[in-house]
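Analysis of the macromolecular model
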Amino acid sequence: MTTIAWAHGALIDPTTPQLSVLDHGFVVGDGVFETCELIDGAPFALTRHLERLRASALGLGIAVPDEAVVRDAVAQVSQAWHSAEPGTTARLRITWTAGLGPLGSDRYEGPGTLVVAASAVPSHGEVRLHVLPWTRNERGALAGLKTTSYGENAMALARARAHGAAEAIFGNTRGELCEGTGTNVFLEDAEGLVTPPLSSGCLAGVTRALVLEWAVEAGVAVREEALPLRAIHDAQHVAITSSTRGIAAVAAVDGEPKLPGRLTLAMGEIFAARRLERMDP
């Protein structure tokens, strides 16, 4: 599988070690990241992703990366990907860590570490969800931040796989529907599309925001509303959103079949068309 990577100011061999064993992103997960889609060699919604990268860094309390440097690195990786795999959609990841640190939770003062890499988007196939027995803490220090501290998500996704599902769904400590490991959740009811508010503790997904905005533009009823976790089981139509999926209808939740909703399918078509028209919305 082709992987294009950038670090320390230049494109690198992705199989060659580049990071210090003292990098705090490696030692304690002290870093942030963004993932966007490369379409014909161009990153989709890059400005929105960089704005969220900055917000996550500030929220985590680490230095903010130089946006010009990040954009240059993204351009180099994007161009190299387009040359190596023309016409192939890729997943581009921007990772920013606190840089060198001790073998503990304290931080050193110093420059951060930036890595940008791209690889092919995996085939997603049918979307089946598993609802977790674990919760997101909507009042936690990392709530709403996209950090590299992903152990909880890795465990959740492994549990979902063991239950025959492609994604895992968290409730929060109030018993409300929250989010997936790397997705936001939408339900479709008689009033339209509905998604949990950011106060649920879910990440402010870029695709989630675009679906909300573009639905309004297209006259599709959509709203944010706190929902009980059981709503995902009760709903007839469920969808998830992410940077590499757009908006995708869910086929089953904990083995219970779900039907693609009319508005979900309509928004899927709208999203697919507008992301080609507006590469940096």
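The text that follows walks through the structure, step by step, so that each part is easy to find. Please read all numbers here as calculations on a predicted model, not as lab measurements.

Moving on, we get to the overall build of the chain. A tally of helices and strands in the chain yields seven helices and 16 strands. The C-alpha radius of gyration computed for the chain amounts to 19 Å, which stays within 12% of the reference 19 Å derived for 281 residues, consistent with globular compactness. Residue burial in the chain is summarised as follows: out of 281 residues, 48% are buried. Sequence separation of at least 24 residues holds for 71% of the intrachain contacts in the chain that already meet a minimum separation of 6. Total accessible area on the chain stands at roughly 12800 Å², and carbon and sulfur atoms take up 55% of it. The averaged location of the 32 negative side-chain charges in the chain is 4 Å from the averaged location of its 23 positive side-chain charges.

Our focus in this paragraph is the sheet that holds strand E7 (residues 128-136). One open sheet accounts for five strands, arranged E9-E8-E7-E15-E16; its pairing is mixed. Taken across any chain shown, the strands that pair with only one partner, and hence form the sheet edges, are strand E9 (177-180) and strand E16 (256-257). Note that E7 and strand E8 (residues 167-172) share five bridges and pair parallel. If you follow Arg136 over to E8, its bridge partner there is Asn172.

Next up on the list: the layout of surface pockets. By volume, the largest pocket is sized at about 1200 Å³. Forming the walls of the largest pocket are 48 residues, and the residues nearest its centre are Lys146, Tyr150, Asn153, Thr181 and Gly182. If you list the elements that add at least two residues to the lining of the largest pocket, you get strand E3 (31-39), strand E5 (90-97), strand E6 (113-120), helix H4 (151-162), E9, helix H5 (206-218) and strand E13 (237-242). In terms of residue class, the lining of the largest pocket is made up of 14 nonpolar, 23 polar and eleven charged. Reported here for the second largest pocket is a volume of approximately 220 Å³. Leu19, Asp23, Gly25, Phe26, Arg93, Thr95, Thr97, Thr113, Val115, Val116, Ala117 and Thr148 are the residues that line the second largest pocket. Of all the secondary-structure elements, those providing two or more residues to the lining of the second largest pocket are helix H1 (24-27), E5 and E6. Per-class residue counts for the lining of the second largest pocket are five nonpolar, five polar and two charged.

To continue, consider the state of the cysteines. Under the defined criterion, the tally for this structure stands at zero disulfides. Unpaired in terms of disulfides, Cys178 finds its nearest cysteine sulfur in Cys202, a separation of 5.5 Å.

Moving on to the environment of Gly140. Examined against the element boundaries, Gly140 turns out to sit in the loop between E7 and H4. On the basis of relative accessible area, Gly140 is assigned to the partly exposed category, the value being 22%. Here the alpha-carbon distance between Gly140 and Gly201, two residues 61 residues apart in the chain, equals 8.4 Å.

Next up on the list: unusual backbone geometry. For Asp40, which is not glycine, the phi dihedral falls at a positive 50 degrees. In this fold, Asp40 is placed in the loop between E3 and strand E4 (42-43). Although it is not a glycine, Ala45 adopts a positive phi angle of roughly 55 degrees. Along the polypeptide, Ala45 turns up in the loop between E4 and helix H2 (46-60). Here Ala45 falls in the buried class, since its relative accessible area comes to 0%.

Moving on, we come to the packing of aromatic side chains. Any pair of aromatic rings gets described here by the distance separating the centres and the angle formed by the planes. Applying the stated criterion across every chain yields a total of three aromatic pairs. When the ring of Phe44 is compared with that of Phe271, the centres are 6.1 Å apart and the planes differ by 75 degrees; the resulting orientation is edge-to-face. Taken as a pair, Phe44 in the loop between E4 and H2 and Phe271 in helix H7 (residues 262-277) lie far apart in primary sequence, 227 residues in all. Residue classification places Phe44 among the buried positions, given a relative accessible area of 6%. A network of ring pairs unites the aromatic residues Phe44, Trp214 and Phe271 as a single cluster.

Let's shift gears to empty space enclosed by the protein. The method is simple in principle: a probe with the dimensions of a water molecule rolls over the atoms, and the space it marks as empty is what remains. Applying the stated rule across the entire model yields one cavity of 30 Å³ or more. The space that makes up the largest cavity amounts to roughly 40 Å³. Around the largest cavity, the lining residues are Glu37, Phe44, His49, Val206, Thr207, Ser243, Phe271 and Arg275. The set of elements that each furnish at least two residues to the lining of the largest cavity consists of H5 and H7. Of the residues contributing to the lining of the largest cavity, the split by class is three nonpolar, three polar and two charged.

Reading the values: the criteria
- Residues numbered from 1 in each chain as written.
- Predicted model: local features only at pLDDT ≥ 70, side-chain atom pairs only at ≥ 80, totals over all residues.
- Heavy atoms only, no water.
- Helix = DSSP H or I, 4+ residues; strand = E, 2+ residues; numbered from the N terminus.
- Rg over C-alpha atoms; globule rule 2.2 N^0.38 Å.
- Buried < 20%, exposed > 50% of the residue type's maximum accessible area, 1.4 Å probe, protein only.
- Contact = heavy atoms within 4.5 Å.
- Areas by Shrake-Rupley, 256 points an atom, 1.4 Å probe, with all protein chains shown as cover.
- Lys, Arg positive; Asp, Glu negative; His and termini not counted.
- Charge placed at Lys NZ, Arg CZ, Asp CG, Glu CD.
- Pairing = 2+ DSSP bridges.
- 1 Å grid on protein atoms, 1.4 Å probe; cavity = no way out; pocket = protein on both sides within 12 Å on 5 of 7 lines; lining within 4 Å.
- Points joined across faces, edges and corners; volume = space filled by probe spheres on them.
- Nonpolar A, V, L, I, M, F, W, Y, C, P; charged D, E, K, R; others polar.
- Disulfide = S-S within 2.5 Å.
- Phe/Tyr/Trp six-rings, centres within 6.5 Å; stacked < 30°, edge-to-face > 60°.

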